Amino acid sequence: MSPPLPSLAETIAKHGLAARKALGQHFLLDATLCARIAALAAPLEGRHVLEVGPGPGGLTRALLDSPAAEVVAVELDRRAIAVLEELAAAYPGRLRIVEGDALRAETESLLPAPRKVVANLPYNVGTPLLIGWLREAALFESLTLMFQQEVAERIVAAPDTEHYGRLAVLSQWRCACRMALRLPPGAFSPPPKVWSAIVHLVPHPEAPEPALLAALERVTAAAFGQRRKMLRSSLKSLGDAEALLEEAGIEGTRRAETLSVAEFDRMARIVLARG
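Residues numbered from 1 in each chain as written. Predicted model: local features only at pLDDT ≥ 70, side-chain atom pairs only at ≥ 80, totals over all residues. Heavy atoms only, no water.

Caption draft 1: Representation of the sheet that holds strand E5 (residues 115-120) within the structure. In space, the seven strands of this open sheet follow the order E4-E3-E2-E5-E6-E9-E7, with mixed pairing throughout. Edge positions in the sheet fall to strand E4 (95-99) and strand E7 (175-183), since each has one partner strand and no second. Here the strands of the sheet are splayed against their neighbours by 20° on average, with no regard to which way each runs. In the sheet, E7 pairs with strand E9 (residues 196-203) via eight bridges, with the strands oriented antiparallel. Residue pairing across strands places Arg178 opposite His200, the latter belonging to E9. Docked against the sheet, helix H2 (residues 31-40) engages E5, strand E6 (140-148), E7 and E9, running at close to 170° with respect to E7. (Pairing = 2+ DSSP bridges. Helix = DSSP H or I, 4+ residues; strand = E, 2+ residues; numbered from the N terminus. Axes fitted to C-alpha atoms, helices over the stretch in contact; angles between N-to-C directions. Contact = heavy atoms within 4.5 Å.)

This is the structure:
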């Protein structure tokens, strides 16, 4: 049973915590929805949970009401720190507050294993945060992340569909990804102009070497950077595109959005072997 706390609306009013567009903030104040999001990340027993951009602490409260061993909240907005300090006092030893930029945080030193990420990500840094976490995915059991729905659709998209692109390939290459929940604009304060969605990502057991991910990033950047072109043209920046495609068993007349994640993996391995 959580200790008595003021409502989130009262908390926001008390601390003057109006959402700031410059920080990509849209606060989720519905306690039931916050609890559903925390439940999507289960099991949380004994886990150390990283939350980014907690704001007034709606999701933070839900995570603290879960069996998680500890919640580590990284918050850039100084106005929210006092709110989070009140929560930390209400849940002794359960909430650790880190004031700073999550894009610069060093996950391994920030919280011990076993680790999970559960976060309503600020809209303006959601994608770069995800890319950074994919590079160190072996550190996490799972990531339960809220994005604008369009970004979420780009993460889970299948080949040869409208939203399939670089983000889908990198995410699905490293994790099993599924759309877990969609949220209407009215769930937030202030309401964004678009729907939002939760994506649940579970890293694959095998952890590829960083050099292979770097090669995959190069291949996908080239392929999707000129996605209307045939691969034999778009991949020229990688050097001898024809030979690369032939070795990978891929027709040079195909376009990037038609390739499976496995086909991109084959090309990345060849690029890595070339040195």
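Caption draft 2: Inspection of the pattern of salt bridges at higher detail. With the rule as written, the count across this model stands at eleven salt bridges. A salt bridge links Glu141 to Lys116; the nearest nitrogen and oxygen atoms lie 3.9 Å apart. One end of the pair, Glu141, is in strand E6; the other, Lys116, is in strand E5, and 25 residues separate them in sequence. Its relative accessible area of 32% is what places Glu141 among the partly exposed residues. Notably, a salt bridge pairs Arg166 with Glu217, separated by 3.8 Å at the nearest N-O pair. Of this pair, Arg166 sits in helix H8 (residues 166-174) while Glu217 sits in helix H9 (residues 210-225), placing them 51 residues apart in sequence. Owing to a relative accessible area of 14%, Glu217 belongs among the buried residues under this scheme. Linked through salt bridges whose partners overlap, the residues forming this network are Arg47, Lys116 and Glu141. (Salt bridge = Lys/Arg side-chain N within 4 Å of Asp/Glu carboxyl O. Buried < 20%, exposed > 50% of the residue type's maximum accessible area, 1.4 Å probe, protein only.)

Caption draft 3: Expanded view of the packing of helix H1 (residues 8-15) against helix H4 (residues 78-90). Contact geometry of H1 with H4 gives a least axis separation of 9 Å together with a crossing angle of 130°. Viewed along their axes, H1 and H4 adopt a mutual orientation that is oblique. The hand of the H1/H4 crossing is right-handed. For the pair H1 and H4, contact is made by Thr11, Lys14 and His15 and by Ala82, Val83 and Glu86, respectively. Broken down by class, the residue content of the contact of H1 with H4 amounts to two nonpolar, two polar and two charged. (Parallel < 35°, antiparallel > 145°, perpendicular 65-115°, else oblique. Left-handed = near helix turned anticlockwise from the far one by under 90°. Nonpolar A, V, L, I, M, F, W, Y, C, P; charged D, E, K, R; others polar.)

Caption draft 4: Spotlight on the nonpolar core. Core analysis: the largest hydrophobic core is formed by 58 residues, its most contacted members being Trp133, Leu145, Leu235, Phe264 and Met267. Ranked by the residues each element gives to this core, the list is headed by H9, at eight residues. Core analysis: the second largest hydrophobic core is formed by 27 residues, Leu28, Leu59, Ala73 and Val118 among them. (Core = buried A, V, L, I, M, F, W, Y, C linked by side-chain atoms within 4.5 Å.)

Caption draft 5: Structural view of the side chain of Glu51. Residue position: Glu51 is located in strand E2 (residues 48-52). Arg61 provides the closest opposite charge to the buried, salt-bridge-free Glu51, at an N-O distance of 10 Å. Polar side-chain contacts of Glu51 include one of 2.7 Å to the side chain of Thr60. Apart from residues no more than four positions distant in its own chain, Glu51 is found in contact with Leu59, Thr60, Leu63, Val71, Val72, Ala73, Val74, Val118 and Ala119. (Lys, Arg positive; Asp, Glu negative; His and termini not counted. Polar contact = N/O pair within 3.5 Å; in protein donor to acceptor, adjacent residues only side chain to side chain.)

Caption draft 6: Here's a closer look at the packing of aromatic side chains. The final tally for this structure, using the stated rule, is two aromatic pairs. Aromatic ring contacts, followed pair by pair, group Tyr164, Phe224 and Phe264 into a single cluster. (Phe/Tyr/Trp six-rings, centres within 6.5 Å; stacked < 30°, edge-to-face > 60°.)

Caption draft 7: How the structure looks around H1. When H1 is considered as a whole, its buried residues turn out to be Leu8, Thr11 and Ile12. For H1, the buried positions fall inside an angular range of 95° around the axis, keeping them on one side. Exposed and oriented more than 90 degrees from the buried face of H1 are Ala9, Ala13 and Lys14. The inward-facing, buried residues of H1 contact strand E1 (27-28), helix H3 (58-64) and H4. One or two residues past the end of H1 sits Gly16, with phi positive at roughly 60°. (Arc of directions from axis to C-beta.)

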